[in-house]
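A look at the structure
The primary structure of each chain is shown beneath.
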Amino acid sequence: MISLLKKLAKKFFNLFGKKGEIKLGFYGPPNAGKTSLANRICQDWLGEDIGTVSKIPHETRNVQFKEKVVIEKGNKKIEFKLIDTPGIATKIDFEDFMKFGMRKHEAQSRAKEATQGIIEAIKWLDDIDAVIVVLDSSLNPYSQVNITIIGNLIARKIPVLIVANKIDLRKSDIKKVEAAFPEYNIIGISARTGENIDGFYDALFKLVKKAK
Amino acid sequence: MAKDKDLTIYFMPYSEIGKEDSTSRIKKILNIILQNKIVILQGRLKAEEESRLIGDTMVLIGHIKGFKGVELAVVSSSDKMGIFEKFKHSIAKALVGEQDAVTIVGPANLVKEIKRNPQKLELYLKK
């Protein structure tokens, strides 16, 4: 009911002029590189990070924000609120964290926070204007989490850009990602090395324009 | 969480959830999962129901001892359709729901992984 009211209010205000600040969400499975990409954008344009990254899954367990991110390219300029969300998964097992050397209590606490983070990330889908789905291009793209996230965005008519991250890895296979989501333009990048980040910014301009 | 070691597969025809609202559909599926059974559903949930199923699963992880979540996969014939076929399919879907798909949901403590390769699903169980 609340989400319906929010949607109605949004539509009502959009009738009377330009949309306010665009809310750009970063979604995807855990460890795909959402925060790495968000950090790169924030470093490039604000000179600071948005969050910490780690090899241990579910490092981001709260939705993180950066207000008023402004990107300029030539005479073009976009402004948005960047929203980095926790990785979405269908299962969380604290024992998986113990494999990374965590103590039981610490692992249980991380698992609890991770489940809450996923709930929060799903709730945010009601309030987002455009989404960058970050996938790990070295893994099988046909995971149900990827399909569910993208299916949700289609159903909500939210503009989507799919980023195939980690193209610097030997196992990276963008063609597999393209075959999995043939209706989308896939941008291959490496958030870690910065490879093709310019191509990403070009695609980002188009995405934000669609959301306006 | 049930402690049965037998593998039970619950085939759910679409008619069993077709007339239910979203809350009841998800509740029905999760209730079966909590009995340590794998659900094979004729058809698929709506996109928003799939994400709600994930959200409700996360809530249960924190509240039910031993429950670690679910493995979930859907195969749908609409994945490989052309534009006209998709249009026809979306009309049929609006009328009777998406029945020409198969959804598999199983408890993560039983199902290790479901590998999906476009039109094929492989279910890996834990020993």
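The paragraphs below set out a description of the structure included in this document. (Residues numbered from 1 in each chain as written. Chains lettered and ligands numbered in written order. Predicted model: local features only at pLDDT ≥ 70, side-chain atom pairs only at ≥ 80, totals over all residues. Heavy atoms only, no water.)

1. So, the overall build of chain A
A count of helical and extended segments in chain A gives seven helices and six strands. Reading the helices (α) and strands (β) of chain A from amino to carboxyl end gives α-β-α-β-β-α-α-β-α-β-α-β-α. On C-alpha atoms alone, chain A measures out to a radius of gyration of 17 Å, which is about the 17 Å that the 2.2 N^0.38 rule sets for 212 residues. If you line up chain A on its principal axes, its C-alpha atoms span 55 × 40 × 35 Å. Taking all 212 residues of chain A together, the buried fraction comes to 50%. When contacts within chain A are restricted to residue pairs at least 6 apart in sequence, long-range pairs at least 24 apart make up 71% of them. For chain A, the computed accessible surface area is about 10900 Å², with 53% contributed by carbon and sulfur atoms. The positive charge centre, built from 36 side chains, and the negative charge centre, built from 26, are 4 Å apart in chain A. (Helix = DSSP H or I, 4+ residues; strand = E, 2+ residues; numbered from the N terminus. Rg over C-alpha atoms; globule rule 2.2 N^0.38 Å. Buried < 20%, exposed > 50% of the residue type's maximum accessible area, 1.4 Å probe, protein only. Contact = heavy atoms within 4.5 Å. Areas by Shrake-Rupley, 256 points an atom, 1.4 Å probe, with all protein chains shown as cover. Lys, Arg positive; Asp, Glu negative; His and termini not counted. Charge placed at Lys NZ, Arg CZ, Asp CG, Glu CD.)

2. Some words on the interface of chain B and chain A
Each side of the interface is counted separately: chain B has 25 residues, and chain A has 22 residues. Considering only the surface of chain B that becomes buried against chain A, B:Met58, B:Lys68 and B:Arg116 emerge as the three largest contributors, covering 31% of it. Between A:Asp93 and B:Lys68 there is a salt bridge, and its shortest N-O distance comes to 3.4 Å. Here chain B and chain A share 11 residue pairs in polar contact (both at pLDDT 80 or more) between them. Put simply, the parts of the chain that give the side of chain B that touches chain A at least two residues each are helix 3 (47-63), strand 3 (70-76) and strand 5 (111-117) of chain B. Among the elements that make up the side of chain B that touches chain A, the one with the highest residue count is helix 3 of chain B (10 residues). (Buried area = accessible area lost by both parts, 1.4 Å probe. Salt bridge = Lys/Arg side-chain N within 4 Å of Asp/Glu carboxyl O. Polar contact = N/O pair within 3.5 Å; in protein donor to acceptor, adjacent residues only side chain to side chain.)

3. Re the packing of helix 2 (residues 34-46) of chain A against helix 7 (residues 197-211) of chain A
Residues and elements named next belong to chain A. Where helix 2 contacts helix 7, the axes come no closer than 12 Å and their chain directions differ by 90°. Between helix 2 and helix 7, the angle falls in the class roughly perpendicular. Two secondary-structure elements touch here, helix 2 through Leu 37, Arg 40, Ile 41, Asp 44 and Trp 45 and helix 7 through Ile 197, Phe 200 and Tyr 201. In the contact of helix 2 with helix 7, the residues fall into six nonpolar, no polar and two charged. (Axes fitted to C-alpha atoms, helices over the stretch in contact; angles between N-to-C directions. Parallel < 35°, antiparallel > 145°, perpendicular 65-115°, else oblique. Nonpolar A, V, L, I, M, F, W, Y, C, P; charged D, E, K, R; others polar.)

4. Here's the deal with the pairing of strand 4 (residues 101-107) of chain B
All names here are of chain B. Across the seven residues that make up strand 4, a large majority, six, are buried. Alignment of strand 3 against strand 4, held across seven bridges, turns out to be antiparallel. Bridge pairing in strand 4 places Ala 73 opposite Ile 104. (Pairing = 2+ DSSP bridges.)

5. Digging into helix 5 (residues 144-155) of chain A
Taking 1.5 Å per residue as the helical rise, helix 5 of chain A with its 12 residues ought to reach 16 Å, and the 16 Å between its terminal C-alpha atoms agrees with that figure. With nine of 12 residues buried, helix 5 of chain A is to be regarded as a mostly interior element. For helix 5 of chain A, the full list of buried residues reads A:Gln144, A:Val145, A:Asn146, A:Ile147, A:Thr148, A:Ile149, A:Ile150, A:Asn152 and A:Leu153. Considering only its buried residues, helix 5 of chain A is in contact with strand 1 (22-27), strand 4 (130-136) and strand 5 (160-165) of chain A together with helix 3, strand 3 and strand 5 of chain B. One or two residues past the end of helix 5 of chain A sits A:Lys157, with phi positive at roughly 55°. (Expected span 1.5 Å × (residues − 1).)

6. Brief notes about a nonpolar patch on the surface
All names here are of chain B. Judged by side-chain polarity, Leu 7, Ile 9, Phe 11, Leu 123 and Leu 125 come together as a nonpolar surface patch covering roughly 450 Å² of accessible area. Elements represented by at least two residues in the nonpolar patch include exactly strand 1 (8-12) and strand 6 (120-125). Within the secondary structure, Leu 7 is located in the segment before strand 1. (Patch = residues over 30% accessible without salt bridge, like charges linked within 9 Å, V, L, I, M, F, W, Y side chains within 5 Å.)

7. A closer look at the packing of helix 2 (residues 22-33) of chain B against helix 3 of chain B
Residue and element names in this part refer to chain B. Between helix 2 and helix 3, the least distance of the axes is 10 Å, while the angle of their chain directions is 50°. One finds that helix 2 runs oblique with respect to helix 3. Viewed along their axes, helix 2 and helix 3 form a crossing whose handedness is right-handed. Contact with helix 2, carried on its side by Ser 22, Thr 23, Arg 25, Ile 26, Ile 29 and Leu 30, involves Glu 49, Arg 52, Leu 53, Asp 56, Thr 57 and Leu 60 of helix 3 and no other residues of that element. Across the contact of helix 2 with helix 3, the residue classes tally to five nonpolar, three polar and four charged. (Left-handed = near helix turned anticlockwise from the far one by under 90°.)

8. Notes on unusual backbone geometry
Residue and element names in this part refer to chain A. Even without being a glycine, Asn 31 presents a positive backbone phi close to 65°. For Asn 31, the location among the structural elements is in the loop between strand 1 and helix 2. In this structure Asn 31 comes out as partly exposed when scored by relative accessible area, which is 31%.

9. Regarding the sheet that holds strand 6 (residues 186-188) of chain A
Residue and element names in this part refer to chain A. Taken together, six strands build an open sheet; the order of strands is 2-3-1-4-5-6 and the sheet is mixed. Among the strands making up the open sheet, the edge pair consists of strand 2 (64-73) and strand 6. Geometrically, the sheet is characterised by an average inter-axis angle of 30° between neighbouring strands, direction not taken into account. Examined bridge by bridge, strand 4 and strand 5 share six bridges and lie parallel to one another. Note that in strand 5 the partner of Val 133 across the bridge is Ile 162.

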